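What follows is each chain in one-letter form.
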Amino acid sequence: KPLVFSGVQPTGNLHLGNYLGAIRKFVSLQNEHDCIYCVVDMHSITAQLVHEDLASQTRSITAAYLACGIDPTKHIVFNQSRVMQHAELAWIFNCVARIGWMNRMTQFKDKAGKDRENASLGLLAYPSLMAADILLYRATHVPVGDDQKQHIELTRDIAIKFNNDFSHRIADLGIGVELMMGEEKVNGFFPLTEPMIEGPATRVMSLRDGSKKMSKSDPSDLSRINLTDDADTISKKIRKARTDPEALPSELAGLKDRPEADNLIGIYAALSDQTREAVITEYGGQQFSVFKPALADLAVEKLAPIASEMRRIQADTAYVDAVLKDGGERARTIAEGTMKQVRQIIGFLQD
Ligand code: TYM
């Protein structure tokens, strides 16, 4: 049975990229699937251990999930550190995965920078914890932005190696399920998770530089639209977004080598639920002086209500905490079911 899992780190400002690349998809998937949405607070300490606003940031991401429309009574919303099985399975995956796999991760290379020897060991092992998040629930589908693709591929590699290393134990215990590996049917314990990276905004770029991803950590606030920005701020940031002086092309091919224009078209398409082709058909030949105000109106219409709903929910700390506690309890039940079997497969003695 398909199960959706995804997570967001409680660091910095949630922005339009997080919304279009991930959270909006979380919302649309909940009508047809069982979903688990996590605030990955343990991941957020890999880059910065001392994190004075961790609790408020965790509540803020939770409020964003709820403000965007995730229903915590039908699905599970919780913070990762509440369910200690994430750390337990991550440890086991640290022993399954190879150091070389971790060293090749582009996110590690970017975040560690030049001084890799001084990065935390947690930053290197980050993808192991991410694989544990997903596989603890044996999730089959993970909606994410394009930047997480490599981590999901690594999650599959870990599942494949675990299934393979323990194939006899899994068969002896009779707890495997049939999995398709390409054309071949194999018996395994962990599923091979599929990333869901679709639509016109899987990689939203900075509004100041079309070659850089929109990111929580960019020092320029003008580079991103935060989910908490009010209508005036959203309009101002779009007005100031960097562009080239040409009119919009009348075909998609004309966006090649025009990364800023390409980005704004993708954002418009995603916010209006249209294809990029449809947007080019409507605005091809127009100047940015026409397109930018239209984009600003659209963004305000879609995003401003989320900001005010987020503020309303966030003010009710008791409610947010109750959602996380209840979600944590439900997540823990599933996670412990998986871990009982994993401990058995490995040969750890348990009660
Ligand atoms: P994080 O917190 O950096 O980002 C959360 C989600 O937002 C997406 N995203 C973007 N999408 C489009 N354009 C952008 N500019 C952009 N920036 C961010 C990310 O792809 C992500 O989907 N490692 C993850 C968190 C995580 C996770 C997991 C995700 C931990 N465990 C298990 C899925 C499943 C991360 O750092 O996301």
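Since the structure is predicted, the reported quantities are computational estimates derived from the model, not experimental observations. (Residues numbered from 1 in each chain as written. Predicted model: local features only at pLDDT ≥ 70, side-chain atom pairs only at ≥ 80, totals over all residues. Heavy atoms only, no water.)

A. Empty space enclosed by the protein, seen in detail. Enumeration according to the criterion identifies one cavity of 30 Å³ or more in this entry. When its volume is computed, the largest cavity comes out at roughly 40 Å³. Along the walls of the largest cavity sit Met105, Gln107, Phe108, Leu123, Tyr126, Pro127 and His151, which together make up its complete lining. Elements that contribute at least two residues to the lining of the largest cavity include exactly α6 (106-112) and α7 (121-135). The dominant element in the lining of the largest cavity, judged by the number of residues it contributes, is α7, at three residues. By residue class, the composition of the lining of the largest cavity is five nonpolar, two polar and no charged. (1 Å grid on protein atoms, 1.4 Å probe; cavity = no way out; pocket = protein on both sides within 12 Å on 5 of 7 lines; lining within 4 Å. Points joined across faces, edges and corners; volume = space filled by probe spheres on them. Helix = DSSP H or I, 4+ residues; strand = E, 2+ residues; numbered from the N terminus. Nonpolar A, V, L, I, M, F, W, Y, C, P; charged D, E, K, R; others polar.)

B. The arrangement of the nonpolar core in detail. Grouped together as the largest cluster of nonpolar side chains are 61 residues, with contacts concentrated most on Leu20, Tyr65, Ile267, Phe291 and Leu303. The greatest single-element share of this core, amounting to twelve residues, is contributed by helix α13 (residues 288-315). Each of domain 1 (3-196 + 316-346) and domain 2 (221-313) accounts for three or more of the residues forming this core. Excluding its chain neighbours within four sequence positions, the residues that come into contact with leucine 303 are Leu16, Tyr19, Ile225, Leu227, Ile234 and Leu271. Counting 49 residues, the second-largest nonpolar core is a separate cluster that includes Ile152, Leu154, Phe190 and Ala335. (Core = buried A, V, L, I, M, F, W, Y, C linked by side-chain atoms within 4.5 Å. Buried < 20%, exposed > 50% of the residue type's maximum accessible area, 1.4 Å probe, protein only. Domains from an automatic or database assignment. Contact = heavy atoms within 4.5 Å.)

C. Geometry of the UniProt feature "binding site: L-tryptophan" (unreviewed entry) in the protein chain. The feature "binding site: L-tryptophan" (unreviewed entry), as given by UniProt, occupies Asp133 in the numbering adopted here. In this structure, aspartate 133 sits in helix α7. (UniProt positions renumbered as here; feature names shortened; annotations may be inferred.)

D. Highlighting the pattern of salt bridges. Counted under the stated rule, the structure contains 22 salt bridges. Between lysine 213 and aspartate 147 there is a salt bridge, and its shortest N-O distance comes to 3.1 Å. Here aspartate 147 lies in the loop between β4 (141-143) and α8 (149-165) and lysine 213 lies in the loop between β7 (194-196) and α10 (231-239), a separation of 66 residues in the sequence. The salt bridge partner of aspartate 229 is lysine 237, with a shortest N-O separation of 2.7 Å. For the pair aspartate 229 and lysine 237, a shared accessibility class is recorded, and that class is buried. When salt bridges that share partners are traced, they join Glu88, Glu336, Lys340 and Arg343 into one network. (Salt bridge = Lys/Arg side-chain N within 4 Å of Asp/Glu carboxyl O.)

E. How the structure looks around a nonpolar patch on the surface. Taken together, Ile45, Leu49 and Val50 make up a surface patch of nonpolar side chains, about 300 Å² in accessible area. As for its position among the elements, isoleucine 45 is in the loop between α2 (41-44) and α3 (54-68). (Patch = residues over 30% accessible without salt bridge, like charges linked within 9 Å, V, L, I, M, F, W, Y side chains within 5 Å. Areas by Shrake-Rupley, 256 points an atom, 1.4 Å probe, with all protein chains shown as cover.)

F. Representation of the layout of surface pockets in the model. In this model, the largest pocket occupies a volume close to 1300 Å³. Lining the largest pocket are 45 residues, with Gln107, Lys111, Asp147, Gln148 and Lys213 sitting closest to its centre. For the lining of the largest pocket, the secondary-structure elements that each account for two or more residues are β1 (3-8), α1 (16-29), α2, α6, α7 and β4. Residue composition of the lining of the largest pocket, by class: 15 nonpolar, 20 polar and ten charged. Roughly 390 Å³ of internal volume is contained in the second largest pocket. Together, 19 residues line the second largest pocket, and Asn94, Leu121, Gly122, Ala125 and Tyr126 are the ones closest to its centre. The set of elements that each furnish at least two residues to the lining of the second largest pocket consists of α4 (85-96), α5 (99-103) and α7.

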